[in-house]
Amino acid sequence: MSQIENSGYKGEALRFLKQADCGIGDIIRVTSKGKVYEGILIPRSELGEGTIVIVKMKSGYNVGIKVTKDVKVEKLGKGIKPAFASPPIPKQNPALPHVVIMSTGGTIASRVDYRTGAVRSALSASDLYGVVPELSDVARVDTEIVFSLYSENITQKHWTELAQTVAKRIEQGVDGVVIAHGTDTMAYTSAALSFALQNLPVPVILVGAQRSSDRPSSDAATNLIGAVKAAGEAPFAEVGLAMHETVSDTAIIVHRGTKVRKCHTSRRDTFKSINGFPIAKVKDLQVTMQTDQYQRRDAKKKLVLKPNFCEKVALVKFYPGLDPAIIDFYVEKGIKGILLEGSGLGHVSKFCFDAVKNAVEKGVVVALASQCIWGRVNMNVYDTGRDLLSFGVVPLDDMFPETGLVKLMWVLGQTDDAKKAVKLLKTNIAGEFSPRTLPQEKIVEGGQ
Ligand code: ASP
């Protein structure tokens, strides 16, 4: 039996490969537009477009070939199958908390077969125990693959699906949920889930990795163990994001879902809490709370699910010379919300004023967060800020732009009424507003 069914192929590509009886690892020949490609058929690394077949050529390069009706696919012979062998699942200890690990894709969920070069984006229970056998000492884990996408391909629809899946498992009574996710947009998803999953009885923790789990330098195992430990035992019940605290493997830090941002392209401690503090730390398999300001775990709490997000929301970053026609364009396109990423304390140039005023008059909710990232907007200091306030622009206080954008999408997914939307936007739902700026607040550490 070929492994073609669960290899990421779908649509036309799957039909062609099935017709030619091709399986993953087989040697195939694809003839397209007079060119011949011969090599090993490797899996699709994600469940993306359904018309591309990927062949690993003798040179070692992977070639993606679009299948159309003029393309010919032939099987030349049985090749090496990708070696994704996993050990059996160890015995589960019934005394441990029950944690479900959901996979959405990304580096943390990928495994590479070095002979064929294939990357598989999946995370079954046996894969997981194969990579991180220590998990069986931390929790009773079961797994669920929600989707297999690099996080740059995740959209509002995926947030909705994920929130509904988490809610279902929580209603069934798990002690905690861990979501394996690509790091690129993990903080957007953590903000989205923070708004969508309210009054949580147990923690929901996103986790990623900067290196895939089968590379010696991988951070996947330590991040996962930390996330599972916190999900199963920590006393808080909020959406958190768990990753390395520093570049060393010493501790995993759990950030609040609405206050965290990816700050470095490659470091293991890429995530930082912005305008807030981490919630918890996991070190030597001990969870310690980092603040007393958190929502308590309580199995009796009844989860409130609000999974809808509006897609007609745009982010407009202010920069010197920004053409106001960009704002007009969005308004003409029927956008419902605009998040302005303003400068400093909360400004855009006076040349944009007419466009902003017109947007608000047309019923668009216009909110503003600062591109400074740290600190909070104060639009009463300069005339520019005061003018924007007088047009009806909503200042987002110490929310940084990404959380502000996700909140605007969520708010406009709850109501079409601009007045109600503004009220909800200003309401603290999931710790996205800090009541005051704390003296300990630090500007980025590291960053080299
Ligand atoms: N681009 C990848 C993603 O976000 C990187 C990662 O997994 O960390 O899915």
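What this report covers is the structure whose coordinates are included nearby. (Residues numbered from 1 in each chain as written. Predicted model: local features only at pLDDT ≥ 70, side-chain atom pairs only at ≥ 80, totals over all residues. Heavy atoms only, no water.)

**As for the packing of helix H9 (residues 401-414) against helix H10 (residues 418-426)**
Moving on, step 1. One can describe the packing of H9 onto H10 by two numbers: an axis separation of 9 Å at closest approach and a directional angle of 135 degrees. Taken together, H9 and H10 sit at an angle that is classed as oblique. For the pair H9 and H10, the crossing hand works out as right-handed. Within the contact between the two elements, H9 uses Lys407, Leu408, Trp410, Val411, Leu412 and Gln414 and H10 uses Ala421, Leu424 and Leu425. (Axes fitted to C-alpha atoms, helices over the stretch in contact; angles between N-to-C directions. Helix = DSSP H or I, 4+ residues; strand = E, 2+ residues; numbered from the N terminus. Parallel < 35°, antiparallel > 145°, perpendicular 65-115°, else oblique. Left-handed = near helix turned anticlockwise from the far one by under 90°. Contact = heavy atoms within 4.5 Å.)

**A few points about the pattern of salt bridges**
Moving on, step 1. Counted by the stated rule, this structure contains 26 salt bridges.
Moving on, step 2. Salt-bridge contacts for Lys281 lead to Glu245; the nearest nitrogen and oxygen are separated by 3.2 Å. Remark: Glu245 occurs in the loop between strand E13 (239-244) and strand E14 (251-256) and Lys281 occurs in strand E17 (residues 280-283); sequence separation between them is 36 residues.
Moving on, step 3. Among the residues examined, Glu245 registers a relative accessible area of 27% and is labelled partly exposed.
Moving on, step 4. Between Arg267 and Asp269 there is a salt bridge, with its nearest N and O atoms 2.8 Å apart.
Moving on, step 5. Residue classification places Arg267 among the buried positions, given a relative accessible area of 17%.
Moving on, step 6. Of the residues examined, Asp269 reaches a relative accessible area of 5% and is grouped as buried.
Moving on, step 7. Each of Asp21, Asp26, Lys75 and Lys78 takes part in one network of salt bridges that share partners. (Salt bridge = Lys/Arg side-chain N within 4 Å of Asp/Glu carboxyl O. Buried < 20%, exposed > 50% of the residue type's maximum accessible area, 1.4 Å probe, protein only.)

**Some details on the nonpolar core**
Moving on, step 1. Of all hydrophobic cores here, the largest spans 55 residues; its most connected members are Ile170, Val177, Ile179, Leu197 and Val204.
Moving on, step 2. In contact with Val204, not counting residues within four places along its chain, are Val166, Ile170, Val177, Ile179, Leu197, Glu238, Val239 and Gly240.
Moving on, step 3. Core analysis: the next-biggest nonpolar cluster, separate from the first, contains 31 residues, Val228, Ala230, Ile252 and Val282 among them. (Core = buried A, V, L, I, M, F, W, Y, C linked by side-chain atoms within 4.5 Å.)

**A word on the packing of aromatic side chains**
Moving on, step 1. Tallied over the full model, the rule gives four aromatic pairs.
Moving on, step 2. Arranged with centres 5.7 Å apart and planes meeting at 25 degrees, the rings of Phe195 and Trp410 form a pair that is stacked. You can see Phe195 sitting in helix H4 (residues 186-196) and its partner Trp410 sitting in helix H9, a full 215 residues away along the chain. Accessibility assignment for this pair places Phe195 and Trp410 in one class, buried. (Phe/Tyr/Trp six-rings, centres within 6.5 Å; stacked < 30°, edge-to-face > 60°.)

**A word on the pairing of strand E2 (residues 35-41)**
Walk down a regular strand and you will see the side chains alternate between the two sheet faces.
Moving on, step 1. One ladder, built from six bridges, connects strand E1 (residues 27-32) with E2; its direction is antiparallel. Of the residues in E2, the one forming a bridge with Thr31 is Val36.
Moving on, step 2. Connecting the antiparallel pair E1 and E2 is a turn made up of two residues, with Lys33 showing a positive phi of about 50 degrees.
Moving on, step 3. Judged from the three bridges that link them, E2 and strand E3 (residues 52-57) form a sheet pairing that is antiparallel. Among the inter-strand pairings, Ile40 is bridged to a residue of E3, identified as Lys56. (Pairing = 2+ DSSP bridges.)

**Examining the site of the ligand**
Moving on, step 1. All residues adjacent to the ligand are Gly106, Thr107, Tyr150, Ser151, Glu152, Gly182, Thr183, Asp184 and Ala209.
Moving on, step 2. Between an oxygen atom of the ligand and a side-chain N or O atom of Ser151, the distance comes to 2.6 Å.
Moving on, step 3. In this structure, an oxygen atom belonging to the ligand sits 3.0 Å away from a main-chain N or O atom of Asp184.
Moving on, step 4. Considering the ligand on its own, with 260 Å² of exposed area, one finds that the protein chains cover 88% of that surface.
Moving on, step 5. Grouping the constituent residues of the shell around the ligand by class yields two nonpolar, five polar and two charged. (Near = heavy atom within 4 Å. Polar contact = N/O pair within 3.5 Å; in protein donor to acceptor, adjacent residues only side chain to side chain. Areas by Shrake-Rupley, 256 points an atom, 1.4 Å probe, with all protein chains shown as cover. Nonpolar A, V, L, I, M, F, W, Y, C, P; charged D, E, K, R; others polar.)

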